[in-house]
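Residue-level structure breakdown
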Amino acid sequence: MSDTRRPVFPFTAIVGQEEMKLALLLNVVDPRIGGVMIMGDRGTGKSTAIRALAALLPEIAVVAGDPYNSSPHDPDLMSTEVLQRLDQGESLPTEQRQVPMVDLPLGATEDRLCGTIDIEQALSRGVRAFEPGLLARVNRGILYVDEVNLLDDHLVDVLLDAAASGWNTVEREGVSVRHPARFVLVGSGNPEEGELRPQLLDRFGLSVDVRTVREAALRVQIVEQRSRFDSDPQGFCQAQQNRQQALQGCIGQARERLGQVQLDAELRLAISQVCGELDVDGLRGDIVSNRAARALAALAGRDQVEEEDVARVVCCCLRHRLRKDPMETVDSGVRVVKAFCKVFQRAEPETSEPFQLALA
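Residues numbered from 1 in each chain as written. Predicted model: local features only at pLDDT ≥ 70, side-chain atom pairs only at ≥ 80, totals over all residues. Heavy atoms only, no water.

When helices and strands are counted, the protein chain shows 15 helices and 11 strands. Evaluated residue by residue, the protein chain yields a buried proportion of 47% over its 360 residues. Partitioning the intrachain contacts of the protein chain with sequence separation of at least 6 by distance along the chain shows that 76% fall at a separation of at least 24. Accessible surface, the protein chain as shown: approximately 18,000 Å² in total, 47% of it carbon and sulfur. (Helix = DSSP H or I, 4+ residues; strand = E, 2+ residues; numbered from the N terminus. Buried < 20%, exposed > 50% of the residue type's maximum accessible area, 1.4 Å probe, protein only. Contact = heavy atoms within 4.5 Å. Areas by Shrake-Rupley, 256 points an atom, 1.4 Å probe, with all protein chains shown as cover.)

Structure, rendered in structure tokens:
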């Protein structure tokens, strides 16, 4: 790790919380899954894991000097300016950049998120002087919102629009600027502090619940890991370098293998039957379950999705999409397991282990 960068706790050194870590990795393997909603107790490593993920992100090819991380090859990921240069036959210089990971502060203004237009320059000089915001920086990257359930409603509306369309449009006094804003949305929060709006909750591909570790030996191990990092961050990161590189290699291989992973028609039909059994609104649950199962198989080094892959992702894909019944005491995850076992004609397990998001 460079001495000029602030050391970040290594992803491979995080003890426990396997479901949360694997949910994040699946989104790195296939960003189309749509992000992760991580809800749980305070002090359970949510923010630590998400920020540690940045060091594992691969580099991407972008148009040199472009503030929107425009792709040099995909027109859907190009800004208007880059498309105009391409139409004029200009050769686009490229450079490699780390996949961006941007924090959205709770107190951010709409202008900070979307960007601002200098109206004075636009009117006096006829120049579209646009100051890009966070949505410009995060294009083709990951947007992290801590305490997402406390986010102001007007910012939630902006995020919903950008997540749905993949574009951000800023209009001020008749001047309009539009740029691509494709990002993976990752949020964390404490359910005791309030619930999310259903429209925003549905935008997250996966939902993960994290709980405080109760086992004394594991708690001691976590405290010791953190103490060693705090006393010597550089040395601690150096000691984890080989494991970090191995995980990066595994992620790279999974991304390359993803296109070859097959999901049989019988499994696709069964996934949709589970969604129908649970009365899930829309088709996003079906799509995400398919993508997550394929990403899990790719990460495990296989070219074929198995029934166990579907079992391990189905709760994280569907439990946050179920209609809430205030009179119901059954946990959403239990409802998903019951529906899965009914469709797949399996006996309900005594423990939840077969349905936990983890590598088999």
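Let's pick the thread back up.
The final tally for this structure, using the stated rule, is four aromatic pairs. Measuring from ring centre to ring centre gives 5.2 Å for Phe-9 and Phe-229, while their planes differ by 70°; the resulting arrangement is edge-to-face. On the criterion of sequence distance, the pair formed by Phe-9 in the segment before α1 (18–29) and Phe-229 in helix α9 (residues 216–231) is long-range, its members being 220 residues apart. A residue is classified by how much of its surface remains accessible, and Phe-9, at 8% relative accessible area, is buried. The lysine or arginine in question, Arg-178, covers the ring of Trp-167, its NZ or CZ lying 4.1 Å from the ring centre. (Phe/Tyr/Trp six-rings, centres within 6.5 Å; stacked < 30°, edge-to-face > 60°. Lys NZ or Arg CZ within 6 Å of the ring centre and 35° of its normal.)

Within strand β10 (residues 183–189), seven of the seven residues are buried, which leaves it mostly tucked inside the rest of the structure. Burial along β10 is two-sided: the residues Phe-183, Leu-185, Gly-187 and Gly-189 and Val-184, Val-186 and Ser-188 are all buried. Summarising the sheet, strand β1 (residues 36–40) and β10 pair through four bridges and their orientation is parallel. Across the sheet, Val-36 pairs through a bridge with Val-186, a residue of β10. Taken together, the six bridges between strand β7 (residues 141–146) and β10 define a ladder with parallel strand orientation. The residue bridging Gly-141 from the neighbouring strand is Phe-183, located in β10. (Pairing = 2+ DSSP bridges.)

A general feature of soluble globular proteins is that nonpolar side chains tend to end up buried together. Membership of the largest hydrophobic core comes to 72 residues, with the highest contact counts inside it found for Phe-11, Leu-24, Leu-53, Leu-206 and Val-274. Both domain 1 (12–210) and domain 2 (260–355) contribute no fewer than three residues apiece to this core. Filtering out sequence-adjacent residues up to four positions away, Leu-53 remains in contact with Phe-11, Leu-24, Leu-25, Val-28 and Ile-142. (Core = buried A, V, L, I, M, F, W, Y, C linked by side-chain atoms within 4.5 Å. Domains from an automatic or database assignment.)

To continue, consider the environment of Asp-230. Looking at the secondary structure, you find Asp-230 in helix α9. Overall, Asp-230 belongs to the partly exposed group, its relative accessible area being 48%. Spatially, the C-alpha atoms of Asp-230 and Phe-9 are 9.1 Å apart, while their sequence positions differ by 221 residues.

What follows is about the pattern of salt bridges. Counting across every chain of the model gives 15 salt bridges. A salt bridge links Glu-18 to Lys-21; its shortest N-O distance comes to 3.2 Å. One end of the pair, Glu-18, and the other, Lys-21, are both in helix α1, three residues apart, so they sit about a helical turn from each other. Residue Asp-202 is joined to Arg-284 by a salt bridge in which the shortest nitrogen-to-oxygen separation is 2.3 Å. Residue Asp-202 is found in the loop between α8 (198–201) and β11 (206–210), and its partner Arg-284 is found in helix α13 (residues 284–299); the two are separated by 82 residues along the sequence. Assessed through its relative accessible area of 30%, Arg-284 is described here as partly exposed. One connected set of salt bridges, linked through shared partners, spans Asp-202, Arg-284 and Arg-321. (Salt bridge = Lys/Arg side-chain N within 4 Å of Asp/Glu carboxyl O.)

Bringing the packing of helix α12 (residues 265–277) against helix α14 (residues 307–318) into the picture now. The contact between α12 and α14 brings their axes to 12 Å, and the two run at 30°. Relative to α14, the element α12 lies roughly parallel. For α12 against α14, the interelement crossing comes out right-handed. Contacts between α12 and α14 involve Leu-267, Ile-271, Val-274 and Cys-275 from the former and Glu-307, Val-310, Val-314 and Leu-318 from the latter. Of the residues that constitute the contact of α12 with α14, the class distribution is seven nonpolar, no polar and one charged. (Axes fitted to C-alpha atoms, helices over the stretch in contact; angles between N-to-C directions. Parallel < 35°, antiparallel > 145°, perpendicular 65-115°, else oblique. Left-handed = near helix turned anticlockwise from the far one by under 90°. Nonpolar A, V, L, I, M, F, W, Y, C, P; charged D, E, K, R; others polar.)

Counting buried residues along helix α2 (residues 46–53), six of its eight residues qualify, which places the element largely inside the surrounding structure. The set of residues buried in α2 consists of Lys-46, Ser-47, Ala-49, Ile-50, Ala-52 and Leu-53. On its buried face, α2 sits against α1, β1, β4 (101–103), β7, β10 and β11.

Here α13 crosses α14 at 135°, and the two axes come no closer than 9 Å. The angle between the axes of α13 and α14 places the two elements in the oblique class. When you trace α13 past α14, the crossing you get is right-handed. Residues Gly-285, Val-288, Ser-289, Ala-292, Ala-293, Leu-296 and Ala-297 of α13 form the contact with α14, whose own contacting residues are Asp-309, Val-310, Arg-312, Val-313, Cys-317 and Leu-318. Looking at the contact of α13 with α14, its residues break down into nine nonpolar, two polar and two charged.

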